[in-house]
Amino acid sequence: MREYVEKALHTRVDCEPVDASGLPLYLRGLYSLERWTAFGVPFAVASPVESPTVKTMAKHRDALEAALGTPVSFALEGATGYRVGRMLEAGLPFIAPDQVGGRCTCRSWESR
């Protein structure tokens with residue numbers, strides 16, 4: 001996923017793991033979390049372990065941002081066009097690499 005973002009942004013993205021011990025119990029294990037920094041801007045990337053609904057992800061984003069103290073973007077591997085559309089409608093920041101052309105769809109948390 002990071003390689004897609006680096007190609008799309010033409011910059012290096014630093015990555016480090018996030019300690020999930022400070023998260024609320026109901027969020028632990030639902031997402032694989034990393035802290036990324038691109039252009040000097042830190043943010044967390046949450047990769048769902050299962051496939052939560054977009055509505056659930058919106059609730060989780062608020063809790064994750066409060067617990068981590070940083071904006072959160074979701075990494076969606078193999079996202080369908082429908083799911084990408086729902087994420088856009090909900091105003092959720094996400095990264096979704098296109099399986100066909102290797103393109104990357106990124107939505108900023110600043111545009112919400």
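Residues numbered from 1 in each chain as written. Predicted model: local features only at pLDDT ≥ 70, side-chain atom pairs only at ≥ 80, totals over all residues. Heavy atoms only, no water.

A. Geometry of the pairing of strand S5 (residues 94-97). Burial along S5 is two-sided: Phe94 and Ala96 facing one way and Ile95 and Pro97 facing the other are all buried. Both strand S4 (residues 72-75) and S5 contribute to a ladder of two bridges, which runs parallel. Within the sheet, the bridge partner assigned to Ala75 lies in S5 and is Ile95. One crossover worth recording links S4 to the parallel S5 by way of helix H3 (residues 81-90), and it is right-handed. (Buried < 20%, exposed > 50% of the residue type's maximum accessible area, 1.4 Å probe, protein only. Helix = DSSP H or I, 4+ residues; strand = E, 2+ residues; numbered from the N terminus. Pairing = 2+ DSSP bridges. Right-handed = clockwise from strand over helix to strand, strands pointing away.)

B. Local environment of unusual backbone geometry. The backbone of His10 sits at a positive phi, close to 55 degrees, despite the residue not being glycine. On the basis of relative accessibility, which here comes to 71%, the residue His10 falls in the exposed class. We note that Phe39 has phi near 55 degrees; this positive angle belongs to a residue other than glycine. Residue class for Phe39 comes out exposed when judged on its relative accessible area of 58%.

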